[in-house]
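Residue-level structural notes
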Amino acid sequence: MRGSCLTGSFMTDHLGKTLTIFPIAQDLRYAVPAADPEDVLALLHDRHDRDPHTLAVVADDGEKFGLWPESSERVYAPGNWLDEFFTLIEKADWLQTTTFGEYLDDHPAQRRVAIPPASYREMGEWSLPTGTAQVVNPPGLEDGQYMDWVRMEAFMHGGWWPNFLIEYPEAATLYRKMLRVSSHIATGKGPSEAHTELLKAQGNDPYWHGVFGGLYFPHLRAQTNHHLITAQTLIDAHHHRGRSWTYLRPVDWDADGRDEIEIQLPDQSWVLDPYEGGSLLHFDDKPARWAISDVVGRQYEPYHADLPDPPVYDHHPRRWLIDHLLPATTTVESFAAVTYHEVLPLPDTEYV
């Protein structure tokens, strides 16, 4: 069992709702309870040798433990697999069992991911039409082998669209603002004009980036922000009806598993992130219908490899209120070119 494997926990979200997920260990899925208990422990020990703190998740169909043919005798009969397996676990002083909750107490999810609709490999093959399935796994082919890649091209696909929201925090900001407006309209808190503005903000280009543009076009972002801010302003006016008001709440606004601080005023909208250097995720001027903080960070793109002079890249998202502690030798030019040195990593510091 060599090579890399997913371990630990990850944070994902959909429509603003977050979920912590744990990838299972595929080799263990096939080994439990089919392989001898000693062989299963060997797989676990191999992981331990590579990283003593790694997490191995064993989760699979319950019918393997009694419903599949001959599985009941194997798992539960005298001298059975289950007793032997747990006896070996108890004797393995290098191995510690845990629950998902206990693990998260000491190892909170640190990485956000976007998960596509999927199932396990066999289910993906079984769901294919018969003729197509024979191309993927023709009769007589040994397990794990495939036809030549020219014929397999039809089954290959690229990334998963929500990865744009992971790669580009600016796209995620637009998306979260759109969700907030959508949630108000869905609960009947906004006039029909706000719904129209929301629909105008649904053009997909500002939410992604490719070789032909998208997020990097400022006029596309500006128009989307204009319609979202207009919709939010209409909702505010409808809800408060001329009264003076201030709205402040802690909320996991960017779906990273930690609360930000959202501040809504009649003429402004802020979201402050204490966990990312106390920076502003966004700052909107409602009367002007303008996203003041709408700046895109400079980051590496795959097609930059073909450029003779690669551009300058930022170390972190370009946001308001980011603190820097810099040496006295830092110049405006070195700061603009991102060749300066941070004395302390304040942009990545948790201000809590």
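One structure accompanies this document, and this report is about it.

Rules used in this analysis
- Residues numbered from 1 in each chain as written.
- Predicted model: local features only at pLDDT ≥ 70, side-chain atom pairs only at ≥ 80, totals over all residues.
- Heavy atoms only, no water.
- Phe/Tyr/Trp six-rings, centres within 6.5 Å; stacked < 30°, edge-to-face > 60°.
- Helix = DSSP H or I, 4+ residues; strand = E, 2+ residues; numbered from the N terminus.
- 1 Å grid on protein atoms, 1.4 Å probe; cavity = no way out; pocket = protein on both sides within 12 Å on 5 of 7 lines; lining within 4 Å.
- Points joined across faces, edges and corners; volume = space filled by probe spheres on them.
- Nonpolar A, V, L, I, M, F, W, Y, C, P; charged D, E, K, R; others polar.
- Core = buried A, V, L, I, M, F, W, Y, C linked by side-chain atoms within 4.5 Å.
- Buried < 20%, exposed > 50% of the residue type's maximum accessible area, 1.4 Å probe, protein only.
- Contact = heavy atoms within 4.5 Å.
- Patch = residues over 30% accessible without salt bridge, like charges linked within 9 Å, V, L, I, M, F, W, Y side chains within 5 Å.
- Areas by Shrake-Rupley, 256 points an atom, 1.4 Å probe, with all protein chains shown as cover.
- Salt bridge = Lys/Arg side-chain N within 4 Å of Asp/Glu carboxyl O.

Here we take up the packing of aromatic side chains. Evaluated as defined, the whole model comprises 13 aromatic pairs. Ring geometry for Y168 versus Y216: centroids 6.2 Å apart, planes at 85°, classification edge-to-face. Taken as a pair, Y168 in the loop between helix 9 (163–167) and helix 10 (169–186) and Y216 in the loop between strand 4 (213–214) and helix 12 (218–240) lie far apart in primary sequence, 48 residues in all.

Right, let's talk about empty space enclosed by the protein for a bit. The final tally for this structure, using the stated rule, is 2 cavities of 30 Å³ or more. Within this model, the largest cavity holds a volume of roughly 180 Å³. Top contributing element to the lining of the largest cavity by residue count: helix 10, with 5 residues. Taken together, the residues of the lining of the largest cavity sort by class into 7 nonpolar, 4 polar and 6 charged. In this structure, the second largest cavity encloses a volume near 110 Å³.

What follows covers the nonpolar core. Y175, M178, V181, I185, L198, Y207 and L228 are the most contacted members of the largest nonpolar core, which totals 19 residues. Sorting the residues of this core by element identifies helix 10, helix 11 (192–200) and helix 12 as the ones contributing at least two each. The element best represented in this core is helix 10, accounting for 8 residues. Setting aside residues up to four positions removed in sequence, L198 forms contacts with M178, V181, S182, I185, L228 and A231. Listed in part, the 12 residues of the second largest apolar core include L41, L43, F85 and I89.

What follows is about a nonpolar patch on the surface. Residues Y120, M123 and W126 make up a contiguous nonpolar surface patch of roughly 320 Å² in combined accessible area. Structurally, W126 is set in helix 6 (residues 121–126). Owing to a relative accessible area of 58%, W126 belongs among the exposed residues under this scheme.

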